[in-house]
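Residue-level structure breakdown
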Amino acid sequence: MVSAPLALIAELTHRCPLHCVYCSNPLAMRNAASELSTAEWTSVFEQASQAGCLHVHLTGGEPLARRDLVELTARARAAGLYVNLITSGIGLSEIRLAALTEAGLEHIQLSFQGGQAEPADEIAGAHSHGHKLALARLIRKFKLAFTINAVVHRQNLDHLSAIIAMAEELAPDRLEIANVQYYGWALRNRDALMPTRRQLEQSQATVSAAEQRLAGRMRIDYVTPDYYARYPKACMGGWGRRLLLIDPAGQALPCHAAGVIPGLSFDNVREHSLAWIWQESSAFQRFRGEAWMPEPCRSCDRRGEDFGGCRCQAWLLTGDATATDPVCCLAPSHGLVEKVVARATDDLAQEKSRFASLPTAWVYRRNPS
Amino acid sequence: MTLEATSRPRLLAGCRWAEASGGERLLLFPEGAIRLQGTGREILERCDGQRTVEQIVEELRQIYGTGDPARIEEDVRIFLGKLHQKRIIDF
């Protein structure tokens, strides 16, 4: 018996004014011409609500790049969904924010690429930090829940205190400090983004202190990179268990990265109902239950908790989507992750002494054609 | 900011009730939801920005009359403290 999905991730577009080097969008993106229409998204929202979804996350690319975003918000709310907007803030004016709030937006999550303009704009590949600061102050004028999502990694973890101080001054309800995870463009830039063990340990102490200081005023959620974890995350709450993603062209995926796994045939909302896709489609069924698990997962006590970790990460790192996620200390291929982590720790000292003056050779996220 | 007897707890923006299928009441908040039953539900439903903590405790005592009154007050404070930390209520 398949449980109902809890949330719909609506990847409205892959267009985006920024070029963040850690972006988890697929390398092969959907172009504007292939995007679902307002009416098609409306149908998706209604079906998602009927299927049991409580939340919709309007995301992308940059959801503000959709000119019909206010209408989409209204339709999602009318369908009975709680509307979250996951955004860089680029393209959001006071008038538009008022219209979105009026249309039923309840929560806005605004990304920050750093605590200061120069390094933040380098990560984003565009001048954006100043606009985000101004927008954050504007958001507080509206009756919205407000989260700041600060993306951290090797290049900015040493400045975490300053990033937290910046966020504190902007007064969101919640601060999510998100270490980069390695999919899409982030994987291409992994060596420049992977923190050292020392950076990670220091960051945990910094976050702990901040949590205590800010308890009751600002909630802090800290996500550490799973390359440093002992056990894997229950990715997306499990394959086809809690979350359902619809990409800009209507393809239904259990997560943003699943398109990398070969041999899976993903269905499209233009051709099938959401209910059928969720309950019965081969792609969604593929990694449900335990029959697909090889050892050691198959007889592991943790299999009901983390489901063997992330299928996409297993594919990306080992070439086998059924393998135990290599971040797991019990994974046969755990050595792959240990090597990456060891290299991260060795390189930082060398970088600082020899290459401090050279710019990082980033692979910047491109826009779809 | 500590919770006083005269504090008036209220839901923060973006936190609201919803009915799920099967008639159960859920509290929705950014990116999440909690299913509340029993005392938790009774307490949170009274966080309307009008009632004081003292009034909420008193109303709970009337519903759950057999309980130790001091214990009910402590349970209310702990529960509200947790929701405050999660940025679901303010006062």
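Let us look at the structure shown here.

What counts and what doesn't
- Residues numbered from 1 in each chain as written.
- Chains lettered and ligands numbered in written order.
- Predicted model: local features only at pLDDT ≥ 70, side-chain atom pairs only at ≥ 80, totals over all residues.
- Buried ≥ 20, exposed ≤ 12 C-beta atoms within 10 Å, placed from the backbone.
- Helix = DSSP H or I, 4+ residues; strand = E, 2+ residues; numbered from the N terminus.
- Pairing = 2+ DSSP bridges.
- Right-handed = clockwise from strand over helix to strand, strands pointing away.
- Core = buried A, V, L, I, M, F, W, Y, C linked by C-beta atoms within 7 Å.
- Contact = placed C-beta atoms within 7 Å.
- Axes fitted to C-alpha atoms, helices over the stretch in contact; angles between N-to-C directions.

A word on the pairing of strand β5 (residues 145-152) of chain A. All names here are of chain A. Most of β5 is tucked away, with 8 of its 8 residues classed as buried. A two-sided burial pattern is seen for β5, the buried positions comprising A145, T147, N149 and V151 on one face and F146, I148, A150 and V152 on the other. As paired elements, strand β4 (residues 105-112) and β5 share 6 bridges and run parallel to each other. Opposite H107, over in β5, you have A145 as the bridge partner. Across 6 bridges, the pairing between β5 and strand β6 (residues 174-179) is parallel. When the sheet's bridge partners are listed, V151 is paired in β6 with A178. As for the winding sense of the linkage, the β-α-β connection from β5 through helix α6 (residues 160-170) to β6 is right-handed.

On to the nonpolar core. If you look at the biggest cluster of nonpolar residues, it comprises 120 residues, and the most contacted ones within it are A:L8, A:Y22, A:V56, A:L81, A:A150 and A:A186. Excluding residues that lie within four positions of it along the chain, A:Y22 makes contacts with A:V151, A:H153, A:V180, A:W185, A:A186, A:N189 and A:L193.

Turning to the pairing of strand β2 (residues 55-59) of chain A, a few remarks are in order. All names here are of chain A. With respect to burial, β2 is a largely interior element, 5 of its 5 residues being buried. In β2, alternate side chains face the same way, and those of H55, H57 and T59 on one face and V56 and L58 on the other are all buried. Pairing between strand β1 (residues 7-11) and β2: 5 bridges, direction parallel. Looking at the pairing, I9 lines up with H57 of β2.

A few words now on the sheet that holds strand β3 (residues 25-29) of chain B. Residues and elements named next belong to chain B. A sheet is described by the order of its strands in space; here 3 strands give the open sequence β2-β3-β4, paired in antiparallel fashion. The open sheet has two free edges, formed respectively by β2 (16-19) and β4 (32-35), since each of these has just one partner strand. Averaged over all pairs of adjacent strands, the angle between their axes in this sheet comes to 35 degrees, without regard to strand direction.

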